Amino acid sequence: MRKKIVAGNWKMNLTIGEGNALVADILQKLPQLNEQNQVVFAAPYLHLHSVVRDTQASPFVSVAAQNCHHEKSGAYTGEISAFMLQDAGVKYVLIGHSERRAYNQEDNALLVKKIDAALCNNLQVIFCCGEPLEIRDSGTQNAYVEQQIKESLFHLDAAAMVRITVAYEPIWAIGTGRTATAEQAQDMHQHIRQVLAQQYGATIANGTSILYGGSCKASNAVELFAGADVDGGLIGGAALIASDFLGIIDAMIASK
Ligand code: 13P
């Protein structure tokens, strides 16, 4: 059975003190997790040390970075490498978030380098994909997301692919309060799984966790996570409030 994951992407939010308090609050009220139901905190670089420290004793809770540089070390002022992240106890890294694609000009070719660097350094990758509104409106979202996946992931062999989690985040649903319907999410997740199956076979495709992101909240998570191919969520705004995030974790545990 593939893993379900609720991952909180804090983006550029929270002071260290606020982050520590949020993690403490969530851990204190966290329901029983297990191999099949896991939680990830994708915190800003500054927080990684304290979040790794504070979650160390919590099995099935992991820490993610929101980005990494593709080189191991060197004269890259302001950057953090995958090598440094794994040394800091980080387990996952988000690659290809739409905000980084948009604001940092990250294209699929650069994402390939980042994914390779992450995997080389024993990190697991949460690969983000998703279409802008004009693509959704034109009805070509399946082809668009398929292209993102092919260009960034299909160079991987099967052994590498099992260390990838996919997050489908329609850009028009991120931070807008306009969630994809459960049917839209399930349709795309099913499509992504088919695309993976064509390249890697059914076993790997069925073992890959595919998370939904985009205005996912405690109030809509039950419906969204009911989709057969929806394996949890990548949560932005609702990950910053303990009760909201815990509600989404409850929805994951109750699903399927
Ligand atoms: P929101 O949940 O705030 O829409 O953000 C989703 C997201 O981008 C998570 O990576």
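Being a predicted model, the structure only gives us computed values, none of them experimental. (Residues numbered from 1 in each chain as written. Predicted model: local features only at pLDDT ≥ 70, side-chain atom pairs only at ≥ 80, totals over all residues. Heavy atoms only, no water.)

Peer 1: When you look at the site of the ligand in this model, what are you seeing that I'm missing?
Peer 2: In the neighbourhood of the ligand, 13 residues make up the surrounding shell, with Lys 11, Glu 169, Gly 175, Ser 215 and Gly 237 lying closest. Contact distances for the ligand include 2.6 Å between an oxygen atom and a backbone N or O atom of Gly 175. One of the backbone nitrogen or oxygen atoms of Ser 215 is found 2.7 Å away from an oxygen atom of the ligand. About the coverage of the ligand: the protein hides 95% of its 300 Å² of free accessible area. (Near = heavy atom within 4 Å. Polar contact = N/O pair within 3.5 Å; in protein donor to acceptor, adjacent residues only side chain to side chain. Areas by Shrake-Rupley, 256 points an atom, 1.4 Å probe, with all protein chains shown as cover.)

Peer 1: For this particular structure, what's the right way to read the pairing of strand 6 (residues 164–168)?
Peer 2: Both faces of the sheet carry side chains from a regular strand, because those side chains alternate between them. The element strand 6 is extensively covered by neighbouring structure, given that five of its five residues are classed as buried. The two faces of strand 6 match: Ile 164, Val 166 and Tyr 168 on one face and Thr 165 and Ala 167 on the other face are all buried. Sheet topology places strand 5 (residues 124–129) next to strand 6; five bridges connect them, and they run parallel. By the bridge assignment, Ile 126 is partnered in strand 6 with Thr 165. In this sheet, strand 7 (residues 210–212) lies alongside strand 6 in parallel orientation, the contact comprising three bridges. Bridge pairing in strand 7 links Tyr 168 to Tyr 212. (Buried < 20%, exposed > 50% of the residue type's maximum accessible area, 1.4 Å probe, protein only. Helix = DSSP H or I, 4+ residues; strand = E, 2+ residues; numbered from the N terminus. Pairing = 2+ DSSP bridges.)

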